Amino acid sequence: MWKCPKCGRMFKNTNQDHYCGEAPKTIEEYISGQAETVQPYLNAVNAAIRSAIPDAAEKISWSMPTYWKKHNLIQFAAFKKHIGLYPGPEAVEAFADRLTEYKTSKGTIQLPYDKQLPLELIAEIAKWCEENG
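Residues numbered from 1 in each chain as written. Predicted model: local features only at pLDDT ≥ 70, side-chain atom pairs only at ≥ 80, totals over all residues. Heavy atoms only, no water.

S.K.: What exactly am I supposed to notice about the packing of aromatic side chains here?
M.R.: Think of a pair of aromatic rings as described by two things: how far the centres are apart, and how the planes are tilted against each other in angle. Across all of its chains, the model carries 3 aromatic pairs by this definition. Pairing Trp-2 with Phe-11 gives two aromatic rings, centres 6.0 Å apart and planes at 35 degrees, and the pair type is tilted. Under the relative-accessibility criterion, Trp-2 is labelled buried at 17%. Seen in terms of ring centroids, Phe-95 and Trp-128 are 6.3 Å apart; in terms of plane orientation they differ by 85 degrees. Their pairing is edge-to-face. Linking Phe-95 in the loop between helix H3 (89-94) and strand E7 (103-105) with Trp-128 in helix H4 (residues 119-132), this pair joins segments that are 33 residues apart in sequence. Judged by relative accessible area, Trp-128 falls into the partly exposed class, the value being 23%. (Phe/Tyr/Trp six-rings, centres within 6.5 Å; stacked < 30°, edge-to-face > 60°. Buried < 20%, exposed > 50% of the residue type's maximum accessible area, 1.4 Å probe, protein only. Helix = DSSP H or I, 4+ residues; strand = E, 2+ residues; numbered from the N terminus.)

Okay, here's the thing in C-alpha cells:
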C-alpha cells in the first residue's frame, strides 16, 4: 500500500493518480486543476464532446468530467502521458477500425499527448454514445 504524502489517502499502487482534497464540482474546475501543459488538450476534448452532444448534462462522476443523459454517456480524464476517454465497451468496439493507432481496452481509449488529438473522431464517438447509449 502507498500513502499519498499530501492527503494521506492509501492506495494499492505507488504514486496512484488521484485528487488530494475535495474533488472538482464542474468540468471547468477539473480542467483548471490540471497541469497547465495538459489543459489545452482537455479543453479541446471537452469542446469536441460538448459540440457533438450539446443537450447532454455536464457533471463530475468518479472524479472525471462526464457527459450525462439518464446515464453516463462519455467521460475523460488526464493522466501523465495521455488523456483517457471512456465511451464504454460498445463504442470502442464500434470504432475499433478507426482506433488502431491508439491503445484501447474495455471501454477505454488512450489519447497520448505526443499525437494530434482526433477531435472529429472524439465528436463522432460522443454522438454515437448519445444515440446508442
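S.K.: Would you mind showing me how to read H4 here?
M.R.: One turn of an α-helix holds 3.6 residues; hence residues three or four places apart share an orientation. Its 14 residues place the ends of H4 20 Å apart at the C-alpha level, agreeing with the 20 Å of an ideal helix rising 1.5 Å per residue. Inspection of H4 places Leu-121, Ile-122, Ala-123, Ile-125, Ala-126, Cys-129 and Glu-130 among the buried residues, and these make up the whole buried set. Structurally, H4 contributes buried residues whose contacts are with helix H2 (39-52), strand E5 (72-78), strand E6 (82-86), H3 and strand E8 (108-112). (Expected span 1.5 Å × (residues − 1). Contact = heavy atoms within 4.5 Å.)

S.K.: Sorry if this is basic, but what is going on with the pattern of salt bridges here?
M.R.: Any two side chains of opposite charge can pair if their charged atoms end up close together. Under the definition given, this model contains 6 salt bridges. Close ionic contact of Glu-130 with Lys-69 constitutes a salt bridge, the shortest N to O distance being 2.8 Å. Linking Glu-130 in helix H4 with Lys-69 in the loop between strand E4 (64-68) and E5, this pair joins segments that are 61 residues apart in sequence. By sharing partners, the salt bridges in this structure join Glu-28, Arg-50 and Glu-58 into a single network. (Salt bridge = Lys/Arg side-chain N within 4 Å of Asp/Glu carboxyl O.)

S.K.: Honestly, the pairing of strand E3 (residues 57-61) in this entry has me stumped. Any pointers?
M.R.: For a regular strand, the rule is simple: side chains alternate between the two faces of the sheet. Bridge count between E3 and E4: 5 bridges; the pairing is antiparallel. Paired with Ala-57 across the two strands is Trp-68, which belongs to E4. In this antiparallel pair of consecutive strands, E3 and E4, the connection spans 2 residues, and Trp-62 shows a positive phi of 55 degrees. (Pairing = 2+ DSSP bridges.)

S.K.: Help me understand the sheet that holds E8, please; the structure alone is not making it clear to me.
M.R.: Backbone-to-backbone hydrogen bonds pair the strands of a sheet. The strands run either parallel or antiparallel. Reading across from one edge, E3-E4-E5-E6-E8-E7 is the order of the 6 strands in this open sheet, with antiparallel pairing throughout. The two strands at the open ends of the sheet, each matched to only one other strand, are E3 and E7. Ignoring strand direction, the axes of neighbouring strands in this sheet form an average angle of 20 degrees. Both E5 and E6 contribute to a ladder of 4 bridges, which runs antiparallel. Each residue of the ladder has a partner; that of Ala-77, found in E6, is Gly-84. Its contacts with the sheet place H2 against E3, E4, E5 and E6, and it is angled at close to 170 degrees to E5. Together, E5, E6 and E8 form the strand contacts of H4, whose direction differs from that of E5 by roughly 145 degrees. (Axes fitted to C-alpha atoms, helices over the stretch in contact; angles between N-to-C directions.)

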